Amino acid sequence: MEKIYTDQDVNTAQLKRETIAIVGYGSQGRSHARNLRDSGFDVIVGARPGGAAERKAKGDGFRTATPAEAAREASLIALLTPDMSHRSVYAHDIAPNLKPGDALLVAHGFSVHYGEIIPRKDIDVVLVAPKGPGDLVRREYEIGRGVPCLFAVQQDASGGARDKALAYASGIGGTAAGAIETTFPEETETDLFGEQAVLCGGVSELITAGFETLVEAGYKPEVAYFECLHELKLIVDLLYEGGLAKMLHFVSETAKYGDFVSGPRVINAETKDRMREVLRDIQTGKFANDWIRENENGKQNYDAMFAADIDRPIEKVGERLRRHMAWLHDQPQTEAA
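On a predicted model such as this, the values are computed, not experimentally measured, just so you know.

The rules we used
- Residues numbered from 1 in each chain as written.
- Predicted model: local features only at pLDDT ≥ 70, side-chain atom pairs only at ≥ 80, totals over all residues.
- Heavy atoms only, no water.
- Helix = DSSP H or I, 4+ residues; strand = E, 2+ residues; numbered from the N terminus.
- Rg over C-alpha atoms; globule rule 2.2 N^0.38 Å.
- Buried < 20%, exposed > 50% of the residue type's maximum accessible area, 1.4 Å probe, protein only.
- Contact = heavy atoms within 4.5 Å.
- Areas by Shrake-Rupley, 256 points an atom, 1.4 Å probe, with all protein chains shown as cover.
- Core = buried A, V, L, I, M, F, W, Y, C linked by side-chain atoms within 4.5 Å.
- Axes fitted to C-alpha atoms, helices over the stretch in contact; angles between N-to-C directions.
- Parallel < 35°, antiparallel > 145°, perpendicular 65-115°, else oblique.
- Nonpolar A, V, L, I, M, F, W, Y, C, P; charged D, E, K, R; others polar.
- Patch = residues over 30% accessible without salt bridge, like charges linked within 9 Å, V, L, I, M, F, W, Y side chains within 5 Å.
- Salt bridge = Lys/Arg side-chain N within 4 Å of Asp/Glu carboxyl O.
- Disulfide = S-S within 2.5 Å.
- Pairing = 2+ DSSP bridges.
- Right-handed = clockwise from strand over helix to strand, strands pointing away.
- Phe/Tyr/Trp six-rings, centres within 6.5 Å; stacked < 30°, edge-to-face > 60°.

> Can you help me understand the overall build of the chain in this one?
In terms of regular secondary structure, the chain is built from 19 helices and 8 strands. Relative to the compact-globule value of 20 Å for 337 residues, the chain shows a C-alpha radius of gyration of 22 Å, a close match. In terms of overall dimensions, the chain has C-alpha extents of about 65 × 45 × 40 Å along its principal axes. Taking all 337 residues of the chain together, the buried fraction comes to 40%. When contacts within the chain are restricted to residue pairs at least 6 apart in sequence, long-range pairs at least 24 apart make up 66% of them. For the chain, the accessible surface area stands at approximately 18,500 Å², while carbon and sulfur atoms represent 55% of it.

The structure is reproduced here in C-alpha cells:
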C-alpha cells in the first residue's frame, strides 16, 4: 500500500525561517498564500504592479512585489500562474533571480514535464498538487481539516527538496488530510488523461450523446436534460462520498440491474482502445505540443471549439430550466482547480 504522509511526517522548521513567494494569485495561489501565512510561514506575493492580483493580495494583507523582486527575496518560489504562461514568467522573472539551492514549486507538472521550463541544475524543483479547487483548499483549512494532495521531487540540488515539498504541503493543509508521493510524469499524465477521457471530455460527450439520443427518438428535450445531465449530480455526490459501493447502495434495484447489463454496452473494449489512444498522445507529448502550438498561434481553433461546445441544444435547454432552480442562484461560482 502507498504510504500516506500526515503532519507527523513533516518538519516545517527550516522553511518557516525562509520566505515563500507566491507568483500567481488566482484560485489556488490565493488559497495557498493565505493558508501558508496562517500556518506561520513568511509569504510574499509576486504580482504585476497595478494589476487585479496585486490589489487583491494587498487587500488580503500581504506584502507584494513584482514577480522578479519576489523571486529574488524568496528561497521557495511557487509558480501558480496558468500553465501556458510558465515559460515566459520563469524565463523573465524567476530564473534570473534564483540563487543556488532555491526551490521552484508548481502545482501541476505540465510545464516542467514537457520542457516549457528547463530548470537550472543548482535549484530544487518540486510539485505540490491539492486534489481540489482553491476555494475548497481554503475552506477545509479554515475548519481545521485539509484537502489531500500529491507531492513530487523532480530535482534535488539542495538535498532537502523533499522536506521542502512536504513542509509546503503541510502549510496549505495537505498533510492534515494526507499526502501521497508521486512523480512529475505520473501527476502530469494522469491529470491530463483524467480531464480528457473522463472528467471533462468523457463526461461531457457522454451526457451530450445521451441527450441527443433521447431527443432524436422523439422525447422532450426538457425531460432528456433532467435524465442525462441534471440527475448526474446525485450520482456523482454518492460516488464522491463512498465510491461505487455507496452509489449502488442508494440507487434502485432497477437502476442497478440497468447499470450491470447496459453500462458495458456503452463503455466497452472499443472505448478503452480510444482511451489508450488519448493516453498515448499524452505520454508521447503530442497533446502537449499541439496545445502549446495552439496557444502560440492565437488559439483560433480553441476559440471555435469552445463556441461550438456551448452552442449545443442541451445548453440552451439547460439555461432555461436552471432559471427555475432557485437553489442554484444563491450558490457561489465554483472555480477550477
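> Any chance you could explain the nonpolar core here in plain terms?
Generally speaking, nonpolar side chains in soluble globular proteins are found buried as a group. Ranked by internal contacts, the top residues of the largest apolar core, which has 31 residues, are Ile 20, Ile 22, Leu 36, Leu 76, Val 128 and Tyr 168. At the level of elements, strand E1 (19–23), helix H2 (27–38), strand E2 (42–46), strand E4 (76–79), strand E5 (103–106), strand E6 (124–130), strand E7 (149–155) and helix H8 (161–171) are the ones that each hand at least two residues to this core. Ignoring sequence-local partners within four residues, the contact set of Leu 76 consists of Leu 15, Thr 19, Ile 20, Ala 21, Ala 103, Leu 105, Lys 164 and Tyr 168. Ile 44, Ala 129, Leu 150 and Ala 152 belong to the second largest nonpolar core, which has 25 residues in total.

> Explain the packing of helix H13 (residues 232–250) against helix H14 (residues 253–266) here, please?
Each pair of packed helices can be described by the angle between their axes along with the distance between the axes. Following both chains from N to C, one finds H13 and H14 inclined at 130 degrees, their axes separated by 8 Å at the closest point. Judged by the inter-axis angle, H13 sits oblique to H14. Residues Met 247, Leu 248 and His 249 of H13 touch H14, and the partners they reach there are Lys 256, Asp 259 and Phe 260. A per-class count over the contact of H13 with H14 returns 3 nonpolar, 1 polar and 2 charged.

> In this structure, what is going on with the side chain of Asn 97? I would like to understand it.
By the element assignment, Asn 97 lies in the loop between helix H5 (86–94) and E5. The residues contacting Asn 97, other than those within four sequence positions of it, are Ala 68, Ala 71, Arg 72 and Asp 102.

> Is there a simple way to think about a nonpolar patch on the surface in this case?
Together, Tyr 302, Met 305, Phe 306 and Ile 310 line one region of the surface with nonpolar side chains, adding up to about 420 Å² of accessible area. Positionally, Ile 310 belongs in the loop between helix H17 (300–309) and helix H18 (313–322). For Ile 310, a relative accessible area of 47% corresponds to the partly exposed category.

> I would appreciate a short explanation of the state of the cysteines in the present structure.
Any covalent bond linking the sulfur atoms of two cysteines counts as a disulfide. All chains considered together, the criterion is met by 0 disulfides. Counting only cysteine sulfurs, Cys 200 is the nearest neighbor of Cys 228, a cysteine outside any disulfide, at a range of 19 Å.

> Would you mind going over the pairing of E4 with me for this structure?
Every other side chain in a regular strand lies on the same face of the sheet, so the side chains alternate between the two faces. Burial along E4 is two-sided: the face carrying Leu 76 and Ala 78 and the face carrying Ile 77 and Leu 79 are both buried. When E1 meets E4, the two strands line up parallel, connected through 4 bridges. Residue pairing in the sheet places Val 23 in a bridge with Leu 79 of E4. In the classification by handedness, the crossover that spans E4, the intervening H5 and the parallel E5 is right-handed.

> Honestly, the packing of aromatic side chains in this entry has me stumped. Any pointers?
When we look at a pair of aromatic rings, we describe it by the centre distance and by the angle of the planes. Inspection of the entire model under this criterion finds 6 aromatic pairs. Look at Tyr 5 and Phe 151: their rings are 5.4 Å apart centre to centre, the planes differ by 85 degrees, and that puts the pair in the edge-to-face class. In this pair, Tyr 5 sits in the segment before helix H1 (13–16) while Phe 151 sits in strand E7, placing the two residues 146 residues apart along the sequence. The same class applies to Tyr 5 as to Phe 151, namely buried. Between Tyr 225 and Phe 226 the ring centres are 6.2 Å apart and the planes differ by 75 degrees, which places this aromatic pair in the edge-to-face class. The exposure class of Tyr 225 is buried, given its relative accessible area of 2%.

> Can you help me understand the pairing of E2 in this one?
Of all 5 residues in E2, 4 are buried, a share of seventy percent or more. When E1 meets E2, the two strands line up parallel, connected through 5 bridges. When the sheet's bridge partners are listed, Thr 19 is paired in E2 with Asp 42. Following the chain from E1 across H2 to the adjacent parallel E2, one finds a crossover that is right-handed. Taken together, the 3 bridges between E2 and strand E3 (residues 63–65) define a ladder with parallel strand orientation. The residue of E3 that forms the bridge with Ile 44 is Arg 63. Crossover handedness for the path E2 to helix H3 (residues 52–59) to E3: right-handed.

> Whenever I open this one, the environment of Asn 289 confuses me. Can you help?
Mapped onto the elements of the fold, Asn 289 is located in helix H16 (residues 286–296). Residue Asn 289 is classed as partly exposed on the basis of its relative accessible area of 38%. For the pair Asn 289 and Ala 176, spaced 113 residues apart in sequence, the C-alpha separation works out to 37 Å.

> Got a minute to help me understand the sheet that holds E2 in this structure?
Each strand in a sheet pairs with its neighbour through backbone hydrogen bonds, running either in the same direction (parallel) or in the opposite one (antiparallel). Ordered in space as E3-E2-E1-E4-E5-E6-E7-E8, the 8 strands form an open sheet in which the pairing is mixed. At either margin of the open sheet sits one strand with a lone partner, and together these are E3 and strand E8 (179–181). Pairs of neighbouring strands in the sheet enclose a mean axial angle of 25 degrees, with direction left out of account. Pairing of E4 with E5 involves 4 bridges; the strand directions are parallel. Residue pairing across strands places Ile 77 opposite Leu 104, the latter belonging to E5.

> Any chance you could explain unusual backbone geometry here in plain terms?
Trans peptide bonds make up the majority, and among non-glycine residues the majority have a negative phi. A positive phi angle is found at Lys 299, which is not glycine, with a value near 60 degrees. Assessed through its relative accessible area of 29%, Lys 299 is described here as partly exposed.

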